[in-house]
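Each chain is listed here by its residues.
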Amino acid sequence: MSPLGVGAMMKWTDTRQIAEALLNAHEQIDPKRIRFTDLHHWVMSLPGFHDDPQRCNEKILEAIQVAWIDEAS
């Protein structure tokens, strides 16, 4: 169960929850081989994600990627 709770929206800082959602949504993708432009698009497209696209930066995308790799292993 997500610590965000039912009905809560994910923000860029919710890296672990985003990684879990990406793992479920893109099972066929190897998170070690993604482009940050694709990652940004996939996160923005996740159900339950709602945050300003401009609040994202390379450091946040890297943290999401690392969390996704961790979740996938």
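Everything below is about the structure shown above.
Residues numbered from 1 in each chain as written. Predicted model: local features only at pLDDT ≥ 70, side-chain atom pairs only at ≥ 80, totals over all residues. Heavy atoms only, no water.

A. Spatial organisation of the pattern of salt bridges. Scanning the model with the defined rule gives five salt bridges in all. Residue Arg16 is joined to Glu71 by a salt bridge in which the shortest nitrogen-to-oxygen separation is 2.9 Å. Of the two residues, Arg16 is situated in helix α1 (residues 15-25) and Glu71 in helix α3 (residues 58-72); the sequence distance between them amounts to 55 residues. Overall, the relative accessible area of 32% leaves Arg16 in the partly exposed class. Overall, the relative accessible area of 27% leaves Glu71 in the partly exposed class. Here Arg35 makes a salt bridge to Asp38, at a shortest N to O gap of 3.3 Å. For Arg35, a relative accessible area of 54% translates into the label exposed. With relative accessibility at 24%, the residue Asp38 sits in the partly exposed group. Several salt bridges share partner residues, and in doing so they unite Arg16, Asp70 and Glu71 into one network. (Salt bridge = Lys/Arg side-chain N within 4 Å of Asp/Glu carboxyl O. Helix = DSSP H or I, 4+ residues; strand = E, 2+ residues; numbered from the N terminus. Buried < 20%, exposed > 50% of the residue type's maximum accessible area, 1.4 Å probe, protein only.)

That is the geometry; function is a separate question.
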